[in-house]
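The chain contents come next:
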Amino acid sequence: MAHNISHFSIHADDLERARRFYENVFGWKFTPWGPPGFLLIATGDEKDPGIQGALQKRREPLNGGSMTGFECTVTVDDVDSIAAKIEANGGRITFPKATIPTVGVLLQFSDTEGNIACAMRYDKNAS
């Protein structure tokens, strides 16, 4: 049996700020569901649905220190345009774009809530 990731959660101090960030940067869609402070995330479309996620109210404010949890990578077509959108929507580039030979071009960013993630343009011919 494959052990694929089937769901992810983004924890946020300010749900609306985080929602606007991911809508504007990646075009994700959000639907309120379940308890207050919980939104389902659709990352794809009918042809390529991606995986379902959740945006939820952080139970404890982020207080610095080491990163805990999984670091997710979002597939993109253009790393430079995504970097510009990240910064224009209140995020911060934490590791500038770099080529990973035989994989693609990657950058790391912090969203408006201090969560760390990556954006990658996959290209097996990258060098």
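Scroll up a little and you will see the structure.
Report on the accompanying structure. Because the structure is a prediction, the values reported are computed rather than measured.

## What to know about the overall build of the protein chain
(1) Moving on: Secondary structure assignment for the protein chain yields 2 helices and 8 strands.
(2) Moving on: A compact globule built from 127 residues would reach a C-alpha radius of gyration of about 14 Å, and the protein chain, at 15 Å, matches this within 12%.
(3) Moving on: Counting the 127 residues in the protein chain, one finds 35% classified as buried.
(4) Moving on: For the protein chain, the proportion of contacts with a sequence separation of at least 24, taken over those separated by at least 6, is 48%.
(5) Moving on: Carbon and sulfur atoms provide 52% of the accessible area of the protein chain, an area that totals close to 8200 Å².
(6) Moving on: Side chains of the protein chain carry 13 positive and 16 negative charges; the gap between the two charge centres is 1 Å.

## Focus: unusual backbone geometry
(1) Moving on: Of note, the phi angle at Thr 102 is positive, near 65°, even though the residue is not glycine.
(2) Moving on: Among the secondary structure elements, Thr 102 is positioned in the loop between strand 6 (92–100) and strand 7 (104–110).

## Some thoughts on the pattern of salt bridges
(1) Moving on: In this structure the tally under the stated criterion is 6 salt bridges.
(2) Moving on: Residues joined in a network through salt bridges with shared partners are Glu 16, Arg 19 and Glu 23.

## Comments concerning the sheet that holds strand 7
(1) Moving on: Here 4 strands make up an open sheet; going across it, the order is 5-8-7-6 and the pairing mixed. Strands with a single pairing partner mark the edges of an open sheet, and in this sheet they are strand 5 (73–75) and strand 6. Recorded for the sheet is a direction-independent mean angle of 20° between the axes of neighbouring strands.
(2) Moving on: When strand 7 meets strand 8 (residues 116–122), the two strands line up antiparallel, connected through 7 bridges. By the bridge assignment for strand 8, Leu 107 is matched with Ala 119.
(3) Moving on: Against the sheet, helix 2 (residues 79–88) contacts strand 6, strand 7 and strand 8, and its axis sits at roughly 175° relative to strand 6.

Calculation rules
Residues numbered from 1 in each chain as written. Predicted model: local features only at pLDDT ≥ 70, side-chain atom pairs only at ≥ 80, totals over all residues. Heavy atoms only, no water. Helix = DSSP H or I, 4+ residues; strand = E, 2+ residues; numbered from the N terminus. Rg over C-alpha atoms; globule rule 2.2 N^0.38 Å. Buried < 20%, exposed > 50% of the residue type's maximum accessible area, 1.4 Å probe, protein only. Contact = heavy atoms within 4.5 Å. Areas by Shrake-Rupley, 256 points an atom, 1.4 Å probe, with all protein chains shown as cover. Lys, Arg positive; Asp, Glu negative; His and termini not counted. Charge placed at Lys NZ, Arg CZ, Asp CG, Glu CD. Salt bridge = Lys/Arg side-chain N within 4 Å of Asp/Glu carboxyl O. Pairing = 2+ DSSP bridges. Axes fitted to C-alpha atoms, helices over the stretch in contact; angles between N-to-C directions.

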